[in-house]
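Structure at a glance
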Amino acid sequence: MQFSQFLETYGKPVQAEAEEHLFRQGEDHGSLYAVRQGLLKAYYLSGEGKEHIKSFIQPGDFIGSLTASYAGQSSSFSLVCLQPAELIRLDFNQIYAASRDNVNIAGVVVDFLLAFAMKKERREYELLCLSAEDRYRELLKTTPHIMDMVTQNEIALYLGVTPVGLSRIKKRVTDAS
């Protein structure tokens, strides 16, 4: 079976509204999502309630908490729709079992995990090695369209700066252009 057939057979279509959570940090949630339309935000909340944006998820992306799905622990992050979204929900256990029996599905799972690992590696590098201004420049370079899709506050939270800090960064980048 090809992955597209698996998705069609076992995936459950999901329509979600803007501001609707698919799951929250601390919940058990054993599903993965294929994003067809919309924009989502994955984020962490600190013990003090401070939000840290992990990533923005766009059409063509897959998202889910592997900690919750595979390890059976609670999700370490929350997932919320920023725009109305069309998704396909997959039960992790079904896809995991199918990947053990079907080389085509296993290949898709491996590709997903590699893309996921590379995205995490890139994000870690940005947060640990780049200045906030360089992170902003990288965001402009890799996903310029996101600037019109999210709030300035969300961009600041993604970059790990205050909204005032983001305004200063934007001014320096604009002045340097």
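Look above for the structure.
Described below are features of the structure shown in this document.

Conventions we followed
Residues numbered from 1 in each chain as written. Predicted model: local features only at pLDDT ≥ 70, side-chain atom pairs only at ≥ 80, totals over all residues. Heavy atoms only, no water. Patch = residues over 30% accessible without salt bridge, like charges linked within 9 Å, V, L, I, M, F, W, Y side chains within 5 Å. Areas by Shrake-Rupley, 256 points an atom, 1.4 Å probe, with all protein chains shown as cover. Salt bridge = Lys/Arg side-chain N within 4 Å of Asp/Glu carboxyl O. Buried < 20%, exposed > 50% of the residue type's maximum accessible area, 1.4 Å probe, protein only. Helix = DSSP H or I, 4+ residues; strand = E, 2+ residues; numbered from the N terminus. Arc of directions from axis to C-beta. Contact = heavy atoms within 4.5 Å. Expected span 1.5 Å × (residues − 1). Pairing = 2+ DSSP bridges. Axes fitted to C-alpha atoms, helices over the stretch in contact; angles between N-to-C directions. Left-handed = near helix turned anticlockwise from the far one by under 90°. Nonpolar A, V, L, I, M, F, W, Y, C, P; charged D, E, K, R; others polar. Phe/Tyr/Trp six-rings, centres within 6.5 Å; stacked < 30°, edge-to-face > 60°.

1. Comments concerning a nonpolar patch on the surface
- Nonpolar side chains collect at one region of the surface, where Val110, Leu114 and Met118 lie side by side and expose about 290 Å² of accessible area between them.
- With relative accessibility at 51%, the residue Met118 sits in the exposed group.

2. So, helix 5 (residues 132-142)
- For helix 5, the set of buried residues is Ala132, Glu133, Arg135, Tyr136 and Leu139. The arc that holds every buried residue of helix 5, seen down its axis, measures 160 degrees, which confines them to one face.
- Looking at the buried residues of helix 5, the elements they touch are helix 4 (103-129), helix 6 (152-159) and helix 7 (163-176).

3. Here's the deal with helix 7
- With 14 residues, helix 7 should reach 20 Å at 1.5 Å per residue; the first-to-last C-alpha distance of 20 Å fits that figure.
- Gly165, Leu166, Ile169 and Val173 are the residues of helix 7 that are buried. In an axial view of helix 7, the angular spread of the buried residues amounts to 100 degrees, which keeps them on one side of the axis. Looking at helix 7, the residues exposed on the side facing more than 90 degrees away from the buried face are Arg168, Lys171, Thr174 and Asp175.

4. Looking at the sheet that holds strand 3 (residues 31-37)
- With respect to topology, 4 strands assemble into an open sheet ordered 1-8-3-6, the strand pairing being antiparallel. Each edge of the open sheet is held by one strand with a lone partner, namely strand 1 (12-16) and strand 6 (62-63).
- Across 2 bridges, the pairing between strand 3 and strand 6 is antiparallel. Counterpart to Ala34 in the pairing with strand 6 is Phe62.
- Against the sheet, helix 3 (residues 92-101) makes contact with strand 3 and strand 8 (85-91), and its axis sits at roughly 60 degrees relative to strand 8, the strand it touches most.

5. Brief notes about the packing of helix 1 (residues 3-10) against helix 3
- Taken N-terminus to C-terminus, the directions of helix 1 and helix 3 make an angle of 145 degrees; their axes are 12 Å apart at the nearest point. Considering how the two elements wind past one another, helix 1 and helix 3 form a crossing that is right-handed. Between helix 1 and helix 3, the residues in contact are Phe3, Phe6 and Tyr10 and Gln94, Ile95 and Ala98, respectively.
- Across the contact of helix 1 with helix 3, the residue classes tally to 5 nonpolar, 1 polar and no charged.

6. A closer look at the pattern of salt bridges
- Overall, the coordinates contain 6 salt bridges when judged by the stated rule.
- Where Arg137 meets Glu133, a salt bridge forms, and the shortest distance between an N and an O atom there is 3.0 Å. In this pair, Arg137 and Glu133 both sit in helix 5, 4 residues apart, roughly one turn of the helix.
- For the salt bridge of Asp175 with Lys171, the shortest nitrogen-to-oxygen distance reads 2.9 Å. One end of the pair, Asp175, and the other, Lys171, are both in helix 7, 4 residues apart, so they sit about a helical turn from each other.

7. Let's talk about the sheet that holds strand 5 (residues 51-57)
- Read from one edge to the other, the open sheet built from 4 strands follows the order 2-7-4-5, with strand pairing classed as antiparallel. Sheet topology places strand 2 (21-23) and strand 5 at the edges, where each strand pairs with a single neighbour. Averaged over neighbouring strand pairs, the angle between their axes works out to 30 degrees when direction is ignored.
- Bridge count between strand 2 and strand 7 (residues 78-81): 2 bridges; the pairing is antiparallel. Pairing of Phe23 across the sheet is with Leu79, part of strand 7.
- Contacting strand 4 (40-45) and strand 5, helix 6 crosses the sheet at an angle of about 100 degrees to strand 5.

8. Quick notes on the packing of aromatic side chains
- Considering all chains together, one arrives at 11 aromatic pairs under this definition.
- Seen in terms of ring centroids, Phe3 and Phe6 are 6.2 Å apart; in terms of plane orientation they differ by 25 degrees. Their pairing is stacked. Here Phe6 and Phe3 lie together in helix 1, a separation of 3 residues that amounts to about one turn.
- Taking the relative accessible area as the measure of exposure, Phe3 reaches 12% and is therefore buried.

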